[in-house]
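Chain residues, written in single-letter form:
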Amino acid sequence: MRLRTPRHRSLCALAGAAALAVAAARRLATVEVTGDSMLPGLRPGDWLLVWTGARPAPGDVVVAEHPERRELLIVKRVSHRSGDGWWLESDNQRARGRRDSWDFGPVPDDLVVGRVVGRYWPRPRVRPARRPAG
């Protein structure tokens with residue numbers, strides 16, 4: 001006996017995709033980059049998608065609450081984990097007003113909002129693929 005027809009499979013796949021989208025939307029947040037501390041990779045005015053609650057790993061870019069000014073969100077790169085929390089650093093150590101773990105120490109887990117999963121504005125440039133020489 002066959003209970004599922006191709007039409008039912010399509011409906012199940014569509015329902016599953018919708019459920020996944022709703023779950024993802026609850027975990028995604030957006031933030032705008034301000035300041036020059038993450039140049040050249042991130043510029044002032046860039047808008048980022050953040051997967052809230054995602055556990056960071058060294059090399060990830062994360063959004064965290066500033067340990068000394070909780071109302072301020074910061075965008076930094078994870079350097080490493082210490083016993084007291086995550087060591088977060090600016091990519092541009094020469095930026096005026098730059099503040100990171102070199103200034104305030106490790107950031108506790110509960111202050112890390114989430115991991116940056118992409119930049120959606122301005123749209124990334126798409127360059128045409130080059131043909132190999134030969």
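Here's a quick rundown of the structure. (Residues numbered from 1 in each chain as written. Predicted model: local features only at pLDDT ≥ 70, side-chain atom pairs only at ≥ 80, totals over all residues. Heavy atoms only, no water.)

## Brief notes about the overall build of the protein
Looking only at helices and strands, the protein has two helices and six strands in total. Secondary structure elements in the protein, listed N-terminal to C-terminal, are α-β-β-β-β-β-α-β. For the protein, restricting intrachain contacts to residue pairs at least 6 apart in sequence, the fraction spanning at least 24 positions comes to 50%. Only carbon and sulfur atoms are counted for the fraction: they give 54% of the accessible area of the protein, which is about 9700 Å². (Helix = DSSP H or I, 4+ residues; strand = E, 2+ residues; numbered from the N terminus. Contact = heavy atoms within 4.5 Å. Areas by Shrake-Rupley, 256 points an atom, 1.4 Å probe, with all protein chains shown as cover.)

## Looking at the layout of surface pockets
Of the pockets and cavities examined, the largest pocket occupies roughly 370 Å³. In terms of lining, the largest pocket is formed by 21 residues, of which the most central are T34, S37, L73, I74 and K76. If one sorts the elements of the lining of the largest pocket by residue count, strand 4 (residues 73–82) sits on top with four residues. Among the residues forming the lining of the largest pocket, the class breakdown is nine nonpolar, five polar and seven charged. (1 Å grid on protein atoms, 1.4 Å probe; cavity = no way out; pocket = protein on both sides within 12 Å on 5 of 7 lines; lining within 4 Å. Points joined across faces, edges and corners; volume = space filled by probe spheres on them. Nonpolar A, V, L, I, M, F, W, Y, C, P; charged D, E, K, R; others polar.)

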